[in-house]
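Analysis of the macromolecular model
The lines below spell out each chain.
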Amino acid sequence: MGFRCGIVGLPNVGKSTLFNALTETQKAEAANYPFCTIEPNVGQVSVPDERLDKIAAIGGSAKIIPTQLAFVDIAGLVKGASQGEGLGNQFLGNIREVDAIVHVLRCFEDDDIQHVSNKVDPLADAEVVETELMLADIESLEKRVDNAKRRATAGDKEAKALASVLGQSLELLKDGKPARLTEPKDDVEQKLFDQAQLLTAKPVLYVCNVSEEDAAEGNALSAQVFAKAEAEGAQAVVVSAAIEADLIGIPAEDRTEFLADLGLTESGLARVIRAGYALLGLKTFFTVGPKEARAWTYHDGAKAPQAAGEIHTDFERGFIRAETIAFDDYVSLGGESGARDAGKLRQEGKDYLVQDGDIMLFKFNV
C-alpha cells in the first residue's frame with residue numbers, strides 16, 4: 001500500500017515542474033502559462049529507504065522491491081473554482097480522489113515567470129486555494145446537515161451522529177477553519193466524518209518552491225509558510241523544483257555529490273516522502289528472503305494481522321503468528337540466523353503492534 005498525493009496550487013507556481021522532477025517523467029507539460037495541465041497526470045515513484053538495501057544485502061536477496069507512492073499533478077486552480085471558474089469542477093473532483101494534498105507555494109522571485117496575481121505572496125496564494133475548498137465543502141454540507149437534523153428529530157440514531165459531527169464541521173468552515181479540525185466524539189462519528197470525503201479534511205503538506213540558492217536554508221517567504229503550517233498542525237518542506245529537475249539528468253551515483261555542492265544532504269523527493277509519511281501516520285515493515293527483499297507500507301497503530309493483510313487478504317484472514325526481528329537486530333546480528341541464535345527473533349500474535357522497520361514472516365492457515 002502506498003498513498004496518493006495530489007499536487008495542487010495556483011497556476012505557474014512550479015507544480016508540473018515539481019511533478020516531472022519527482023516522477024522523473026515528462027508526462028506533464030511544464031509550460032509558462034495557466035492550465036498547461038488539463039488532465040491529472042499520475043506518476044508512481046519508488047520510496048527510497050536505505051534500510052531495504054541493507055537487509056537485501058544481508059539476506060542475499062536477488063531482487064529489491066521498494067514500496068510505491070503516487071503523485072497526481074492536478075490542474076491549476078483560480079479564484080472562483082468552487083463556482084466552476086477556470087477548471088474548478090474538475091479540480092475539486094480530482095482532489096476528492098487523493099489521500100493528501102501537496103500544496104505547492106511559490107517562494108521565489110523571477111520576472112521571467114508570470115504569476116497569476118502579478119505578485120509573489122505564498123500566504124495569499126494558499127488562502128485562495130483554501131477558500132475555494134472551504135466554499136465547496138460548505139455547499140456540500142449545508143443540505144446534508146439540515147436533512148440529518150430533520151431525520152434525527154424523528155429518532156434516527158445515525159442521523160443524530162451525522163448531524164453532530166458534520167454540523168461541527170460546517171461551523172468550523174463558516175468560521176474560516178478547515179474541516180480537518182473536526183473532533184468526532186466516537187468511532188461512529190469518525191466513520192461518518194470519513195465517509196463525507198470533505199476536501200478540507202484531507203491532510204496538507206505545504207511545499208515551498210524556492211530558488212536554487214535558497215534550497216538549503218529557505219528564505220523569508222518559506223519561513224512564513226512554515227509558521228502557517230505549525231499553527232495548523234500541518235507539515236511543510238522546502239524544495240527547489242529547478243534542482244529536482246536538474247537531478248533527472250544526473251547519474252544516480254553522482255547525485256549525492258551534486259546535492260552536497262548545493263549544501264543539501266538529500267533530494268526534495270526524500271523530504272516530500274518523509275513529510276508525507278509523517279502527515280498520514282505511515283510506517284514501513286519489510287519481508288526478506290533469497291528471491292526478494294520488499295518494503296511494505298502500513299498505518300501507524302496497525303496490528304500484525306493488518307500488516308499481513310497488506311501482502312494478501314488471506315494472510316490477514318488466516319493469521320496465526322508473525323516471526324519478527326527488529327531492523328537494528330537484523331543488521332547487527334547478520335540476519336535471521338544470527339537473530340534467532342541471539343533470541344531476537346520473536347513470535348508475535350494478533351495483538352502485536354507493528355514497529356517501523358520490523359522484518360516479518362507471517363504464518364497463516366486458510
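Residues numbered from 1 in each chain as written. Predicted model: local features only at pLDDT ≥ 70, side-chain atom pairs only at ≥ 80, totals over all residues. Heavy atoms only, no water.

Regarding the pattern of salt bridges
Quick reminder of the rule: Any Lys or Arg side-chain nitrogen located within 4 Å of an Asp or Glu carboxyl oxygen qualifies as a salt bridge.
Applying the stated criterion across every chain yields a total of 14 salt bridges. Overlapping salt bridges, with partners in common, bring together Glu130, Arg180, Lys228 and Glu232 in one network.

Quick look at the sheet that holds strand E4 (residues 68–73)
Going by this rule: Criterion used throughout: strands pair if DSSP finds at least two bridges between them. By the criteria applied, helices consist of DSSP H or I runs no shorter than four residues and strands consist of E runs no shorter than two, each listed in order from the N terminus. Only the stretch in contact is used when a helix axis is fitted, and all axes are lines through C-alpha atoms; the angle between N-to-C directions ranges over 0 to 180 degrees.
Reading across the sheet, the six strands line up as E2-E4-E1-E5-E6-E7 and stay open at both edges, with mixed pairing between neighbours. Only two strands of the sheet have a single partner each, and these edge strands are strand E2 (41–46) and strand E7 (235–239). Taken over all neighbouring pairs, the strand axes of this sheet differ in orientation by 25 degrees on average, direction set aside.

A look at the side chain of Glu189
The cut-off we apply is this: Burial here depends on accessible area, computed with a 1.4 Å probe over protein chains only, as a share of the maximum for the residue type. Under 20% is buried, over 50% is exposed, and the range in between is partly exposed. Counted as positive: Lys and Arg. Counted as negative: Asp and Glu, with His and the chain ends omitted from the count. Each polar contact in these results corresponds to two N or O atoms within 3.5 Å; when the atoms are within protein, one needs to be able to donate a hydrogen and the other to accept it, and residues that are neighboring in sequence are counted only if both atoms are side-chain atoms. Contact between two residues is taken to exist if any of their heavy atoms lie within 4.5 Å; hydrogens are not considered.
Turning to its location among the elements, Glu189 is positioned in helix H6 (residues 187–195). No salt bridge is formed by the buried Glu189; its nearest oppositely charged neighbour, Lys185, is found at 4.1 Å. Polar side-chain contacts of Glu189 include one of 2.9 Å to the side chain of Ser164. When residues no more than four places from it in sequence are discounted, the contact partners of Glu189 are Ala161, Ser164, Val165 and Pro184.

Let's talk about helix H11 (residues 304–311)
Note the threshold: This arc is built from the directions going out from the helix axis to the C-beta atoms.
Where H11 is concerned, the buried positions are Ala304, Pro305, Ala307 and Ala308. In an axial view of H11, the angular spread of the buried residues amounts to 160 degrees, which keeps them on one side of the axis.

Details of a negative patch on the surface
Threshold: Each patch is built from salt-bridge-free residues with over 30% relative accessible area, joining like charges within 9 Å and nonpolar side chains (Val, Leu, Ile, Met, Phe, Trp, Tyr) within 5 Å. Here the accessible surface of atoms and residues is derived via Shrake-Rupley with a 1.4 Å probe, and residues count as covered only by protein chains that are part of the display. Lysine's charge is taken at NZ, arginine's at CZ, aspartate's at CG and glutamate's at CD.
Together, Glu253, Asp254, Glu257 and Asp261 line one region of the surface with negative charge. By the secondary structure assignment, Glu253 is in the loop between helix H8 (241–248) and helix H9 (255–261). On the accessibility criterion, Glu253 (64% relative accessible area) is exposed.

A few points about the layout of surface pockets
Vacant regions in the atomic arrangement are exposed by a probe of water-molecule size rolled over the atoms. Stated precisely, the cut-off is as follows: The rule is simple: put a 1 Å grid over the protein atoms alone, call a set of points where a 1.4 Å probe fits but cannot get out a cavity, call an open set with protein on both sides within 12 Å along at least five of seven lines a pocket, and count a residue as lining if it has an atom within 4 Å of a point. Grid points are joined across faces, edges and corners, and a volume is the space filled by probe spheres set on the points. Ten residue types, Ala, Val, Leu, Ile, Met, Phe, Trp, Tyr, Cys and Pro, are classed as nonpolar, four, Asp, Glu, Lys and Arg, as charged, and the remainder, Gly among them, as polar.
Empty space within the largest pocket amounts to approximately 1000 Å³. For the lining of the largest pocket, the secondary-structure elements that each account for two or more residues are helix H1 (15–23), E2, helix H2 (50–59), H8, H9, helix H10 (268–280) and strand E8 (282–288). Considering every element that reaches the lining of the largest pocket, the biggest residue donor is H10, with five residues. Taken together, the residues that form the lining of the largest pocket break down as 19 nonpolar, seven polar and 11 charged.

Side note on H1
Counting buried residues along H1, eight of its nine residues qualify, which places the element largely inside the surrounding structure. Burial in H1 covers these residues: Lys15, Ser16, Leu18, Phe19, Asn20, Ala21, Leu22 and Thr23. One or two positions beyond H1, positive phi appears at Glu24, with a value near 55 degrees.

Observations concerning the environment of Gly281
Among the structural elements, Gly281 can be located in the loop between H10 and E8. For Gly281 and Tyr298, which are 17 residues apart along the polypeptide, the C-alpha to C-alpha distance reads 8.6 Å. Setting aside anything within four residues of it in sequence, one finds Gly281 in contact with Tyr298, His299 and Asp300.

Some remarks on the confidence of the model for the protein
Applicable threshold: Scored from 0 to 100, pLDDT records how confident the predictor is in each individual residue.
Confidence along the protein averages 86 in pLDDT terms, with 88% of residues attaining 70 or more. Mean pLDDT in the protein bottoms out at helix H3 (residues 88–96), which sits at 69, and peaks at helix H13 (residues 327–332), which reaches 98. Across residues 26–38, where pLDDT falls below 50, the model places 38 contacts with residues more than four positions away in sequence or in other chains.

Quick notes on the packing of aromatic side chains
Short version of the rule: Stacked, tilted and edge-to-face pairs are distinguished by plane angle, under 30 degrees for stacked and over 60 for edge-to-face with tilted covering the rest, among Phe, Tyr and Trp rings (Trp via its six-membered ring) whose centres lie within 6.5 Å.
On inspection of all chains with the given rule, the structure shows five aromatic pairs. Centroid distance Phe285 to Trp296: 6.4 Å. Interplanar angle 15 degrees. Geometry classified as stacked. With Phe285 in strand E8 and Trp296 in strand E9 (residues 292–299), this pair connects stretches of sequence that are 11 residues apart. For Phe285, a relative accessible area of 0% translates into the label buried. Judged by relative accessible area, Trp296 falls into the buried class, the value being 10%. Measuring from centroid to centroid gives 6.0 Å for Phe285 and Tyr298, while their planes differ by 50 degrees, and the two rings are tilted. Of the two residues, Phe285 sits in strand E8 while Tyr298 sits in strand E9, which places them 13 residues apart along the sequence. Following the ring pairs from residue to residue traces out a cluster consisting of Phe285, Trp296, Tyr298, Phe319 and Phe362.

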